[in-house]
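Structural characterization, general
As a plain string of letters, each chain reads:
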Amino acid sequence: ITWANSPTHSATGVAFDGSTEYGDTGYAPDDGTQDDHSYGVNVSGYSAGDGTTIGARTSSPNYYNCITEYSGDTYWSVNNASGFNFSGALTTGHYIANRDGSSTSNLYKDAVDVSTQDVASTGQSIYNYYLGAQNDSGSVTFLADCTIDFAHMGDSLTANEAQDLNDAITKYNQTVLAGTLDA
């Protein structure tokens, strides 16, 4: 990850200021040929306000891949022309945006399926995922005031795999914070 404007790194994660700091993952959703993939973040802290925890967007044609808070609601999308609305702001938790390879997309929070949408993939963004912001066709937008302590991208997940990933991240973070991780 290439960090812009020196976000704060600590044992609890990477804290972004909501105005200038973000991380470029170097990975674009269209790097693969598959439409079935997932990505997500474990947000250990979030300040009220609009912002994106992880995101990539191609404006023309319009392809979204993001988990964003906007006007007090959470929007998310996996290879789609618009974001899906999940009522309620982003809060502390582990979010996974997932597409199963067909028309089903899910938003998981702490391994619970909080939103399911059935819509065919319209395409993948050609721009790199940003952490703490959205990469909108090469421009930095929707910078977030949040702390992210884990981020991931990969193939689509089943509900059981989402639970296993959530359990592993939770255990890892508890171990790091307890200071019991072996070097």
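Structure: see above.
It should be emphasised that the depicted structure is a prediction, and the values quoted were computed from it without experimental measurement. (Residues numbered from 1 in each chain as written. Predicted model: local features only at pLDDT ≥ 70, side-chain atom pairs only at ≥ 80, totals over all residues. Heavy atoms only, no water.)

This part covers the nonpolar core. The biggest cluster of nonpolar side chains holds 21 residues, and the ones touching the most others in it are Tyr39, Ile54, Ile67 and Cys146. Of all the elements in the fold, those that place two or more residues in this core are strand S5 (37–46), strand S6 (51–58), strand S8 (73–80), strand S10 (93–99) and strand S16 (146–155). Broken down by element, the residue count for this core peaks at four residues, all from S5. Every residue in contact with Cys146, bar those within four places of it in the chain, is listed here: Val14, Ala15, Phe16, Val43, Gly45, Tyr46 and Thr53. (Core = buried A, V, L, I, M, F, W, Y, C linked by side-chain atoms within 4.5 Å. Buried < 20%, exposed > 50% of the residue type's maximum accessible area, 1.4 Å probe, protein only. Helix = DSSP H or I, 4+ residues; strand = E, 2+ residues; numbered from the N terminus. Contact = heavy atoms within 4.5 Å.)

Time to look at the sheet that holds strand S12 (residues 112–118). Read across the sheet, seven strands follow the order S2-S3-S16-S5-S10-S11-S12 without closing on themselves; strand pairing throughout is antiparallel. Strand pairing shows two members of the sheet lacking a second neighbour, strand S2 (8–10) and S12, which therefore form its edges. The mean angle between the axes of side-by-side strands here comes to 25°, regardless of whether they run parallel or antiparallel. The sheet contact formed by S10 and strand S11 (residues 104–109) spans five bridges and is antiparallel. Considered in S11, the bridge of Asn98 is made with Asn106. Across the sheet, helix H1 (residues 159–178) touches S5, S10, S11 and S16, and the angle it forms with S10 is around 150°. (Pairing = 2+ DSSP bridges. Axes fitted to C-alpha atoms, helices over the stretch in contact; angles between N-to-C directions.)

Let us now look at the pairing of S12. Each regular strand carries side chains that alternate between the two faces of the sheet. Relative to S12, S11 is paired through six bridges, and the arrangement is antiparallel. The residue bridging Thr104 from the neighbouring strand is Asp118, located in S12. Connecting S11 to the next strand, S12, in antiparallel fashion are two residues, including Asp110 with a positive phi near 50°.

This part is about the pattern of salt bridges. This model, assessed by the stated rule, comprises one salt bridge. Between Arg57 and Asp136 there is a salt bridge, with the nearest N and O atoms lying 3.3 Å from each other. Taken together, the residues Arg57 in strand S6 and Asp136 in strand S14 (residues 134–136) connect sequence positions 79 residues apart. (Salt bridge = Lys/Arg side-chain N within 4 Å of Asp/Glu carboxyl O.)

A full pass over the atoms with the stated rule returns eight aromatic pairs. Seen in terms of ring centroids, Tyr27 and Tyr129 are 6.2 Å apart; in terms of plane orientation they differ by 10°. Their pairing is stacked. In this pair, Tyr27 is assigned in the loop between strand S4 (22–24) and S5 and Tyr129 in the loop between S12 and strand S13 (130–131), connecting sequence segments 102 residues apart. Note on Tyr129: relative accessible area 0%, which makes it buried. Here the aromatic residues Tyr27, Tyr39 and Tyr129 are joined through ring pairs into a cluster of three or more. (Phe/Tyr/Trp six-rings, centres within 6.5 Å; stacked < 30°, edge-to-face > 60°.)

We now examine the layout of surface pockets. A volume near 260 Å³ is recorded for the largest pocket. Lining the largest pocket are 18 residues, and of these Gly13, Val14, Ile148, Asp149 and Phe150 sit closest to its centre. Elements supplying a minimum of two residues to the lining of the largest pocket: strand S3 (13–15), S16 and H1. Across the lining of the largest pocket, the residue classes break down as 12 nonpolar, five polar and one charged. Considered as a void within the structure, the second largest pocket measures approximately 160 Å³ in volume. Partitioned by chemical class, the residues of the lining of the second largest pocket number five nonpolar, three polar and one charged. (1 Å grid on protein atoms, 1.4 Å probe; cavity = no way out; pocket = protein on both sides within 12 Å on 5 of 7 lines; lining within 4 Å. Points joined across faces, edges and corners; volume = space filled by probe spheres on them. Nonpolar A, V, L, I, M, F, W, Y, C, P; charged D, E, K, R; others polar.)

All quantities given are derived from atomic positions and should not be read as evidence of function.
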